[in-house]
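Below are the chains, spelled out letter by letter.
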Amino acid sequence: MKSRKQELTQLGEAALEQLRGPLFSEVRRKFANWRDPRARLLRQRKRAKRTAVGSAASAGVFGAGAAASATLPGMWAALGDMGWFLQDVSTLGLGGIAVVSGVGAVNVGLKYRRLMKTPLPEPQPEPAALPSQGSAAREPMQRLRDAEQSLHRALAQLTSAGAGSAAADARGTADSAAAELRRVAERLVAVEAAIPHAPEAQKPALRADVQRLREELDEGLDGYGGLVAAAGRAVAASGASEQKYLMQDATDRLAGLAAGLRELFGPDGPGADPQRRSDRP
């Protein structure tokens, strides 16, 4: 029997883990969004538009001030000769500021136009939650999440280099394969959760299932890594005739892997129902 102190300690650790997970996930998500090329381009557009509007407004205000100073000599007449001098100074000063602001508004406006013509990159995938510590599925899912980020950056480079069709094809196949790998990981976690409640005689079979599913994950990640590597080679060879064939070859290979995973771990596959597996004699 556990003491009351031990039970409270375990409850506290569990509560801390629950709080830590969402907090770290939110920080990771915000940091990833801040680094996302799509979000960066949107920030640049917003900043350029704001600066252009501000510069144009400043040019208008100072220009109006200069015009008023030049066309309303009555404002300065009471000051005599000093008034005429101050009129010239204010007219030239306000006019100069208006010209500088206008030039700045034109430059920033041209930059904003150029940014608006730049195609937006694909949105960066949201960092997926990982299985709990100690699960055999955690390390493969960590690798998959990191590989997805790397692939996203490589495909964004290929899209900007004019290989949008190959990049879109690779992205769709990679998303399909990643979804299949995560379904395999979910089954692995379910089998792990069933082990403590299974009869002793059936636990070795369940542990063997965990090992088999882990091997399938590792095999799938090797295929996914092959696409990431091919995307990197294609980025390095951007503009070369071999680029298209590199991407197409890796995409076809990963498409076959995704289809194989769907067939192996589909509704009627060996990993479909861990509870049913544990009920076998």
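Cut-offs applied
- Residues numbered from 1 in each chain as written.
- Predicted model: local features only at pLDDT ≥ 70, side-chain atom pairs only at ≥ 80, totals over all residues.
- Heavy atoms only, no water.
- Helix = DSSP H or I, 4+ residues; strand = E, 2+ residues; numbered from the N terminus.
- Buried < 20%, exposed > 50% of the residue type's maximum accessible area, 1.4 Å probe, protein only.
- Contact = heavy atoms within 4.5 Å.
- Areas by Shrake-Rupley, 256 points an atom, 1.4 Å probe, with all protein chains shown as cover.
- Salt bridge = Lys/Arg side-chain N within 4 Å of Asp/Glu carboxyl O.
- Expected span 1.5 Å × (residues − 1).
- pLDDT = per-residue confidence, 0-100.
- Core = buried A, V, L, I, M, F, W, Y, C linked by side-chain atoms within 4.5 Å.
- Patch = residues over 30% accessible without salt bridge, like charges linked within 9 Å, V, L, I, M, F, W, Y side chains within 5 Å.
- Lys, Arg positive; Asp, Glu negative; His and termini not counted.
- Charge placed at Lys NZ, Arg CZ, Asp CG, Glu CD.
- Axes fitted to C-alpha atoms, helices over the stretch in contact; angles between N-to-C directions.
- Parallel < 35°, antiparallel > 145°, perpendicular 65-115°, else oblique.
- Left-handed = near helix turned anticlockwise from the far one by under 90°.
- Nonpolar A, V, L, I, M, F, W, Y, C, P; charged D, E, K, R; others polar.

**Side note on the overall build of the protein**
Helix and strand counts for the protein stand at nine helices and zero strands. Listing each helix as α and each strand as β along the protein from the N terminus yields α-α-α-α-α-α-α-α-α. The buried share among the 281 residues of the protein stands at 31%. Long-range pairs, those at least 24 residues apart, make up 73% of the contacts in the protein between residues at least 6 apart in sequence. Entry remark: accessible area of the protein is about 17000 Å², with carbon and sulfur atoms responsible for 60%.

**Here we look at the pattern of salt bridges**
Under the definition given, this model contains eight salt bridges. The salt bridge involving E180 is made with R183; its shortest N-O contact spans 2.4 Å. One end of the pair is E180 and the other is R183, both in helix α6 (residues 164–194) and three residues apart, which spans about a single turn. Residue classification places E180 among the buried positions, given a relative accessible area of 6%. When salt bridges with common partners are traced through the structure, they connect E139, R143, R214, D218 and D222 into a single cluster.

**What to know about helix α5 (residues 138–160)**
An ideal rise of 1.5 Å per residue puts 33 Å on 23 residues; α5 measures up with 34 Å between its terminal C-alpha atoms. Of the residues making up α5, those classed as buried are P140, M141, L144, R145, A147, E148, Q149, L151, H152, A154, L155 and L158.

**Remarks on the confidence of the model for the protein**
Taken residue by residue, the protein gives an average pLDDT of 75. The fraction at 70 or more is 65%. With pLDDT under 50 throughout, residues 267–281 is counted as low confidence; its partners more than four residues away or in other chains account for 21 contacts.

**Details of the nonpolar core**
Core analysis: the biggest nonpolar cluster contains 30 residues, and L144, L151, L155, L217 and Y224 have the highest contact counts within it. Looking at this core, the elements that each hand over two or more residues are α5, α6 and α7 (203–236). Once residues within four sequence positions are removed from consideration, L151 is found in contact with A174, Y224, L227, V228 and A231. One finds L41, A52, V108 and L115 within the second-largest nonpolar core, a separate group that totals five residues.

**Remarks on a positive patch on the surface**
Residues R40, R43, K46, R47, R50, K111 and R114 make up a contiguous surface patch of positive charge. Contributions of two or more residues to the positive patch are made by α2 (37–71) and α4 (81–117). With five residues, α2 is the largest single contributor of residues to the positive patch.

**Here we look at a nonpolar patch on the surface**
On the surface, M82, F85, L86 and V89 cluster together into a nonpolar patch covering about 380 Å² of accessible area. Within the element layout of this structure, V89 appears in helix α4.

**Details of the packing of α5 against α7**
Running from N to C, α5 and α7 point in directions that differ by 20°, and their axes come no closer than 9 Å. Our classification of the angle between α5 and α7 gives roughly parallel. The two elements α5 and α7 meet at a crossing, and its hand is left-handed. Looking at the contact of α5 with α7, its residues break down into 16 nonpolar, two polar and six charged.

**Notes on the environment of Y224**
With respect to the helices and strands, Y224 occurs in helix α7. With a relative accessible area of 2%, Y224 lands in the buried category. Separated by 80 residues in the primary sequence, Y224 and L144 have C-alpha atoms spaced 8.0 Å apart.

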